[in-house]
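Per-entry structural report
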Amino acid sequence: MRMEAQPRFLSEKDGYHFQHQGAVELLVFNFLLILTILTIWLFKNHRFRFLHETGGAMVYGLIMGLIIRYATAPADIESGTVYDCGKLNFSPSTLLINITDQVYEYKYKREISQHNISPHQGSAILEKMTFDPEIFFNVLLPPIIFHAGYSLKKRHFFQNLGSILTYAFLGTAISCIVIGLIMYGFVKAMVYAGQLKNGDFHFTDCLFFGSLMSATDPVTVLAIFHELHVDPDLYTLLFGESVLNDAVAIVLTYSISIYSPKENPNTFDAAAFFQSVGNFLGIFAGSFAMGSAYAVVTALLTKFTKLCEFPMLETGLFFLLSWSAFLSAEAAGLTGIVAVLFCGVTQAHYTYNNLSLDSKIRTKQLFEFMNFLAENVIFCYMGLALFTFQNHIFNALFILGAFLAIFVARAFNIYPLSFLLNLGRKQKIPWNFQHMMMFSGLRGAIAFALAIRNTESQPKQMMFTTTLLLVFFTVWVFGGGTTPMLTWLQIRVGVDPDEELKEEPDSHQATSNVDKSRTKTESAWLFRIWYGFDHKYLKPILTHSGPPLTATLPEWCGPISRLLTSPQAYGEKLKEDDIECIVHQDELAMTYQEQATSPCSPPARLGLDQKASPQTPSKENIYEGDLGLGGYELKLEQTPGQAQLN
Amino acid sequence: MEPGDAARLGPGRVTRALPPRMWLLLLLVGWGLSAGALASSSGAAAADSSAMEELATEKEAEESHRQDSVSLLTFILLLTLTILTIWLFKHRRVRFLHETGLAMIYGLIVGVILRYGTPATSGHDKALSCTQEDRVFSTLLVNVSGKFFEYTLKGEISPGKLNSVEQNDMLRKVTFDPEVFFNILLPPIIFHAGYSLKKRHFFRNLGSILAYAFLGTAVSCFIIGNLMYGVVKLMKIVGQLSDKFYYTDCLFFGAIISATDPVTVLAIFNELHADVDLYALLFGESVLNDAVAIVLSSSIVAYQPAGLNTHAFDAAAFFKSVGIFLGIFSGSFTMGAVTGVVTALISKFTKLHCFPLLETALFFLMSWSTFLLAEACGFTGVVAVLFCGITQAHYTYNNLSVESRSRTKQLFEVLHFLAENFIFSYMGLALFTFQKHVFSPVFIIGAFVAIFLGRAAHIYPLSFFLNLGRRHKIGWNFQHMMMFSGLRGAMAFALAIRDTASYARQMMFTTTLLIVFFTVWIIGGGTTPMLSWLNIRVGVDPDQDPPPNNDSFQVLQGDGPESAGGNRTKQESAWLFRLWYSFDHNYLKPILTHSGPPLTTTLPAWCGLLARCLTSPQVYDNQEPLREEDSDFILTEGDLTLTYGDSTMTANGSSSSHVASLSLEGSRRTKSSSEEVLEHDLGMGDPKVSNRGTRLVFPLEDNA
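Residues numbered from 1 in each chain as written. Chains lettered and ligands numbered in written order. Predicted model: local features only at pLDDT ≥ 70, side-chain atom pairs only at ≥ 80, totals over all residues. Heavy atoms only, no water.

An unreviewed UniProt entry lists chain B under the name Sodium/hydrogen exchanger, from Erinaceus europaeus.

Going by what an unreviewed UniProt entry lists, chain A is known as Sodium/hydrogen exchanger and is assigned to Erinaceus europaeus. What the UniProt record of chain A gives under Sequence similarities (unreviewed entry) is the line "Belongs to the monovalent cation:proton antiporter 1 (CPA1) transporter (TC 2.A.36) family." (UniProt positions renumbered as here; feature names shortened; annotations may be inferred.)

This is the structure we're talking about:
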């Protein structure tokens, strides 16, 4: 009996120790985050703008990494015995091992290539401080990305949709190729210089680096923009680009990593190339469909049940369905993060309108909170990883090349595309905006997560180290330099997004309607169709707003349309709500005229009746005020207003 | 990866960093030598085959990730379904089935489908015997044909069950590591419970609640343990017992099953506005109960007699267990309270309330740190989190900005809701997917009888004793209701699933599961009829309640002859609490929050500097209203009027402060309404709260 109890106890002790270690590790992160929060509060309180909270989190992460690296004593090697049990010839997913009559189950974790093994002998705490990279993709990034999608400023976003899509898709592709080519040049140079063995670093690796480096994440810049109320168009362009950018970069990285020609793995192979392209399109479209499908389901559920009586249930449902979008996409072999992004966008566009007021605030706050925590954890981890990650490969030439490449690529992305876009755009993107966009090419969480995902081979490790340094540099230097840059480029600050809206439709509608819309017809044709479709069919089906379906659908589907239209849609004021989103797109004025049911466009906006006005604008306000860091802005905004009133 | 590398490094000693003193190992299983030689001799072929293998492993990892997603998705869809059905029920005011019960039903259905609808895959893993090794390592590096694979320890498998382990991949996927419950799902539930204890009523009944929670749980544990021991003896005679079952096992069962969790009943109480005292008693008992049960069960596990016979009574080991109980409990309590106090101080002395998001994040992180800190120090994280929640609600909550208050409430409410329903749907699932069930009818029937007897022996005698001391007697119908509300829930389940290695534990787990099902469905469903049958007041407004109650007491007892006698009988038991109240009011509240009398007046003169430093400027500004808010909590404790007379600040007794509290100013209204939010918000977020919540947030926009 004693004999039996003894080993059991031992293993329990082990288990306890294990958990204990996990707790300590998380505690360190908690502690760092608390410190970050307090420091950031201090900075905000004193209106220091040169260091964003993410930068602060990185600084603390660095310090902690330094302490852990050099202050903890590496334990000595106690047992390195080798045993041979020569029965295994493949690596199964679970391993059952019989040790003194106790059977233990071991689970497959990962493969380690040999040159990585000896550095693993560092101290135990370093080992514990290293997360499984999949955590970033499965736990930390989804809330960040969802929040980004959920808080896209709807009106300005759709107004600039064409430009944003161009920047995001074409721009990312250009940037990826340019970085890849430049890096390939540097790699060749390194081979000449003898710093690198020939054949270690292929062109696909360079392209891989290019694609992961293309994911911009100007969270620092955006936070400052938000605080200073920079021109909303610039804000939207940057934000929209960075959000979609991430999605494109993730899928692109995946497609490049699976590009495997049959013969020689590093020559061009048309079949494999087209397979990769097809893969890219397939995954992107699939994820998009998955994300929007879930959002549509959520919208329908919230519309047709009266769930708004119970805000908590509503919030729970919203959260769960958004999460299922992620999981379904992952289960189907698509990219969960991209699905979550489009789910967020669609949720904001449709479901948000169906939620009760309380749920709107709750969901916003919940995702804002999760975004805040996840983002700071990632940046904190980045700081930590510089010291605790044990397979760094610092290569000065490669790092230098990477710095050069990202600037050149950013320039190739922004300036030519802006030029092309300006040909079609009614509202040109001025030079100072272009410079600002060029300047805001910060790298952040996505680039890091993509780089850390695979650090097995030496090129990947070199890329990881370089990415880390690039993120540090861009976040600290560019992030810190945003405010001076804004004044130097003379970009308007202190613009109230709602003020602007009121004047512009009137002036623009009158003068530029006819000629401008014609130049834009070709490019905007698709969008116009989409807007019309959205406004006439999707909005009425999915939300309580919009014109009643009975009016927009043809006669023969009368019963369905009556079934799908919510009773509120017949009311007058809800139509106003909707107009706000699309009225700015002046082509739509034409669509509007065709509609039988909306006799009042812009002028009616000014004559809002008393019932509608206090509600809708304030809702919008929260929505838009809430982007960066908590609604404290809202409070500050109030004071001048109050002073005027009194 | 290159064959050349493999040859160069060879299958040598490979070491790997691991937790302290576990400098590992390296069990190089394998093939190392021969594969290395093979690889170097025939390079291209080896590379090719290794690439194939690599692809296969990668595929497998991807497949495993996909399956993980699917299993998680199953749960999430279950929760979604539950939410929708619950909405339907609430909408139609059907009260016989609570959402937790519903979650269990859906879990059961999915469990049946998974169990019988998916084909069983044959296990392809075979046990390796490496008898040379005498220790268990948490990480294993395996060298397979020149490549290294890392394996992590998942758990121990009892040899008897070896064959059934790999039965069904899907079933295995939906079985979570039991530690998930303790580390992820329970903390938010428990924290929320602590955070939403109705402060005023809770403190008014503190003595009774503590008596029920500590004494009651001990009594119940002991009685159930003894009864079950009798049942086990009986089973031995009948011959139904096929493995060992000791007295400590019985006591362990008594401890885990003593954790009551009347969430169903409380939700109905909340909805119907049942009597607040009954609510506070039940809720407070169930919350503290959980903490006691956790610590009790872990100290029973730690009971290890020194002698040869491991299961005989040993006084030293017994006292050691008691010592462990007290140590863990007080340690966790201190840990929770200290972090709560630190949070309160931080939120008081920084102006973090200008940035609600930062404030909320800080609050969340600090509360989470409590859990981690306690776990890291070897205490019980869940207990620490509970007391942290209570402290946060008592002090920090008052320092938060209005927006942060609603944010934190809502955040923990959502987390609580999701975690709770997740656990209950997992319970339903576990009935079919858990593969080591031991159904023993005699044991199950015995357990049912034991829990009712244990509950009865717990409630009635204790209520009798408490009624001797209580001014406000616990009525018979309340006692019956409390007896009736002995539901078992998440905590009992989590404790039972934590260790299912031995035969006895498996039997306990199965029984616990069935008890939870039975109590949640039958007793939970019968709450409304029971309430009307026992003539318990419903529709009591908790805010309306105290004033008349209080006035009548003041009038009847304050002047009458009863008051002196009543006070005296209660003097002994209440003395400690009274001391605590006055200490709390005079020192802790002013130090930790913006309310209460300024420290400069309560502290002695010689520490004036310190007092001035610690007192927040707000206290001087609005002394009058703030005292009101505070008196709210302690006013009803009749004895406190004495203490009040002592303190210099409250010269004008309780009756006048009452008048003041009724004539609240407009500016104070927000504060009191947020207090109401705190108190209303217990169960399921009723629509009333939503209106208040919006009012709280919207004043900002109204001015614009």
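Remarks on the overall build of chain A
Across its full length, chain A carries 26 helices and two strands. Within chain A, contacts between residues separated by at least 24 positions form 81% of all contacts whose residues are at least 6 apart in sequence. Carbon together with sulfur atoms contributes 65% to the accessible area of chain A, which is approximately 25600 Å² in total. (Helix = DSSP H or I, 4+ residues; strand = E, 2+ residues; numbered from the N terminus. Contact = heavy atoms within 4.5 Å. Areas by Shrake-Rupley, 256 points an atom, 1.4 Å probe, with all protein chains shown as cover.)

Looking at helix H6 (residues 161-193) of chain A
Helix length check: H6 of chain A, at 33 residues, gives a terminal C-alpha distance of 46 Å against a target of 48 Å (1.5 Å per residue), a fit within 8%. The largest bend in H6 of chain A amounts to roughly 30 degrees and is located at Gly-171 of chain A. (Expected span 1.5 Å × (residues − 1). Bend = angle between axes of the 7 residues up to and from the residue.)

Details of the confidence of the model for chain B
Residue and element names in this part refer to chain B. Here chain B shows a mean pLDDT of 70. Residues at 70 or above account for 62%. This model gives residues 545-572 a pLDDT under 50, and the stretch forms 31 contacts once residues within four places in sequence are excluded. The low-confidence segment residues 623-704, where pLDDT is below 50, has 137 contacts with residues more than four positions distant or belonging to other chains. Across the predicted assembly, pTM comes out at 0.77 and ipTM at 0.77. (pLDDT = per-residue confidence, 0-100.)

Focus: unusual backbone geometry
Residues and elements named next belong to chain A. Phi at His-229 takes a positive value of approximately 55 degrees, unusual for a residue other than glycine. You can see His-229 is positioned in the loop between helix H8 (219-228) and helix H9 (232-257). What makes His-229 partly exposed here is its relative accessible area of 22%. One non-glycine residue, Gln-490, lies in the positive phi region at around 55 degrees. For Gln-490, the position within the fold is in the loop between helix H18 (482-488) and helix H19 (497-542). When its relative accessible area of 67% is taken as the criterion, Gln-490 is described as exposed. (Buried < 20%, exposed > 50% of the residue type's maximum accessible area, 1.4 Å probe, protein only.)

Comments concerning the pattern of salt bridges
A full pass over the atoms with the stated rule returns nine salt bridges over all chains. A salt bridge links Glu-134 of chain A to Arg-453 of chain A; the nearest nitrogen and oxygen atoms lie 3.3 Å apart. Residue Glu-134 of chain A is located in helix H4 (residues 134-150), and its partner Arg-453 of chain A is located in helix H16 (residues 445-453); the two are separated by 319 residues in the primary sequence. Look at Glu-134 of chain A and you get partly exposed, because its relative accessible area is 26%. Note that Glu-403 of chain B is salt-bridged to Arg-407 of chain B, the shortest N-O span being 3.1 Å. Linking Glu-403 of chain B with Arg-407 of chain B, this pair stays in helix H15 (residues 402-433), spanning four residues, or about one helical turn. (Salt bridge = Lys/Arg side-chain N within 4 Å of Asp/Glu carboxyl O.)

Here's the deal with the side chain of Glu-375 of chain A
Residue and element names in this part refer to chain A. Of note, Glu-375 is situated in helix H13 (residues 357-388). There is no salt bridge for the buried Glu-375, and the closest opposite charge comes from Lys-44, which lies 10 Å off by N-O distance. The contacts of Glu-375, once residues within four sequence positions are left out, are Thr-54, Ile-144 and Val-219. (Lys, Arg positive; Asp, Glu negative; His and termini not counted.)

Description of the packing of helix H6 (residues 179-195) of chain B against helix H18 (residues 490-498) of chain B
Residue and element names in this part refer to chain B. Close contact between H6 and H18 brings their axes to 10 Å; oriented N to C, the two are set at 165 degrees. The orientation of H6 with respect to H18, classified from their angle, is roughly antiparallel. Both H6 and H18 take part in a crossing whose hand is left-handed. Note on element contacts: H18 touches H6 through Ala-490, Met-491, Phe-493, Ala-494, Leu-495, Ile-497 and Arg-498, opposite Glu-179, Phe-181, Phe-182, Leu-186 and Ile-190. Across the contact of H6 with H18, the residue classes tally to 10 nonpolar, no polar and two charged. (Axes fitted to C-alpha atoms, helices over the stretch in contact; angles between N-to-C directions. Parallel < 35°, antiparallel > 145°, perpendicular 65-115°, else oblique. Left-handed = near helix turned anticlockwise from the far one by under 90°. Nonpolar A, V, L, I, M, F, W, Y, C, P; charged D, E, K, R; others polar.)

Description of the packing of H4 of chain A against helix H11 (residues 311-331) of chain A
The description of two packed helices rests on the angle between their axes and on the distance between the axes. All names here are of chain A. Relative orientation of the contacting elements H4 and H11 amounts to 120 degrees, with a least axis distance of 11 Å. The angle between H4 and H11 falls in the class oblique. Where H4 crosses over H11, the two elements pack in a sense that is right-handed. Of the residues in H11, those in contact with Phe-137, Asn-138, Pro-142, Phe-146 and Tyr-150 of H4 are Phe-318, Ser-322, Phe-326 and Glu-330.

With respect to the nonpolar core
The biggest cluster of nonpolar side chains holds 307 residues, and the ones touching the most others in it are Phe-136 and Met-436 of chain A together with Phe-253 and Met-481 of chain B. Counting residues per element, this core draws most heavily on H13 of chain A, at 16 residues. Setting aside its immediate chain neighbours within four residues, Met-436 of chain A contacts Val-221, Phe-225, Leu-234, Thr-482, Met-485, Leu-486, Leu-489 and Ile-491 of chain A. (Core = buried A, V, L, I, M, F, W, Y, C linked by side-chain atoms within 4.5 Å.)

Considerations on the confidence of the model for chain A
Residues and elements named next belong to chain A. With 66% of its residues at a pLDDT of at least 70, chain A reaches an overall mean of 73. Element-level mean pLDDT values for chain A span from 36 in helix H24 (residues 602-606) up to 90 in H11. For residues 76-82, every residue scores under 50 in pLDDT, and the model assigns this stretch 20 contacts once sequence neighbours within four places are set aside. The low-confidence segment residues 572-646 (pLDDT under 50) makes 131 contacts with residues lying over four places distant or belonging to another chain.

Observations regarding the packing of aromatic side chains
Scanning all chains against the criterion turns up 59 aromatic pairs over all chains. A ring pair is formed by Tyr-150 of chain A and Phe-367 of chain A, whose centres lie 6.2 Å apart and whose planes are at 65 degrees; its orientation type is edge-to-face. With Tyr-150 of chain A in helix H4 and Phe-367 of chain A in helix H13, this residue pair connects regions lying 217 residues apart in the sequence. The rings of Phe-369 of chain A together with Phe-191, Tyr-195, Phe-363, Phe-364, Trp-368, Tyr-397 and Phe-412 of chain B are connected pair by pair, giving a single aromatic cluster. The ring of Phe-182 of chain B has Arg-498 of chain B lying over it, and the distance from NZ or CZ to the ring centre is 3.8 Å. Against the face of Phe-252 of chain B rests Arg-505 of chain B, its NZ or CZ located 4.2 Å from the ring centre. (Phe/Tyr/Trp six-rings, centres within 6.5 Å; stacked < 30°, edge-to-face > 60°. Lys NZ or Arg CZ within 6 Å of the ring centre and 35° of its normal.)

Describing helix H10 (residues 263-272) of chain B
Residue and element names in this part refer to chain B. H10 sits mainly inside the fold: nine of its 10 residues count as buried. All of the buried residues along H10 are Val-263, Thr-264, Val-265, Leu-266, Ala-267, Ile-268, Phe-269, Asn-270 and Leu-272. At the C-terminal side of H10, His-273 shows a positive phi close to 55 degrees.

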